[in-house]
Amino acid sequence: MDSAATDEQLSDVCRDIEARLVAEGASVEQWQEYEVLRERYVARMFAAARAG
């Protein structure tokens, strides 16, 4: 899968999760957990891309 497709998929997933968090009235802690998990996922994607 090319990086543009991966970036688009990640954006779509993030938008969906963020919309759900807003709709459910997520707490600050839930938003913080989401941010941590998103950052970890992005870091893994970059590491995998560098590894080839």
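Structure: above.
About the cut-offs
Residues numbered from 1 in each chain as written. Predicted model: local features only at pLDDT ≥ 70, side-chain atom pairs only at ≥ 80, totals over all residues. Heavy atoms only, no water. Helix = DSSP H or I, 4+ residues; strand = E, 2+ residues; numbered from the N terminus. Rg over C-alpha atoms; globule rule 2.2 N^0.38 Å. Areas by Shrake-Rupley, 256 points an atom, 1.4 Å probe, with all protein chains shown as cover. Lys, Arg positive; Asp, Glu negative; His and termini not counted. Charge placed at Lys NZ, Arg CZ, Asp CG, Glu CD. Core = buried A, V, L, I, M, F, W, Y, C linked by side-chain atoms within 4.5 Å. Buried < 20%, exposed > 50% of the residue type's maximum accessible area, 1.4 Å probe, protein only. Phe/Tyr/Trp six-rings, centres within 6.5 Å; stacked < 30°, edge-to-face > 60°.

**Examining the overall build of the protein**
Reasoning step 1: Of the regular secondary structure elements, the protein holds 2 helices and 0 strands.
Reasoning step 2: Rg of the C-alpha trace for the protein: 13 Å, well past the compact-globule value of 10 Å for 52 residues, more than 25% over.
Reasoning step 3: Along the longest, intermediate and shortest principal axes, the C-alpha atoms of the protein span 40 × 20 × 10 Å.
Reasoning step 4: Accessible area for the protein stands at about 4300 Å²; split by element, carbon and sulfur atoms hold 54% of it.
Reasoning step 5: In the protein, which carries 6 positive and 11 negative side-chain charges, the distance between the mean positions of the two groups comes to 6 Å.

**Side note on the nonpolar core**
Reasoning step 1: Counting 6 residues, the largest nonpolar core is built from L10, C14, L21, A26, Y34 and M45.
Reasoning step 2: Residue assignment for this core shows that the elements contributing at least two residues are α1 (3–23) and α2 (28–51).
Reasoning step 3: Ranked by residues supplied to this core, first place goes to α1 with 3 residues.

**Some points on the packing of aromatic side chains**
Reasoning step 1: Overall, the coordinates contain 1 aromatic pair when judged by the stated rule.
Reasoning step 2: A centroid spacing of 6.1 Å and a plane angle of 85 degrees characterise the contact between W31 and Y34, whose relative ring orientation is edge-to-face. Taken as a pair, W31 and Y34 lie in helix α2 at a separation of 3 residues, close to a single helical turn.

Note that every value here comes from positions in space, so none of it alone points to a role or purpose.
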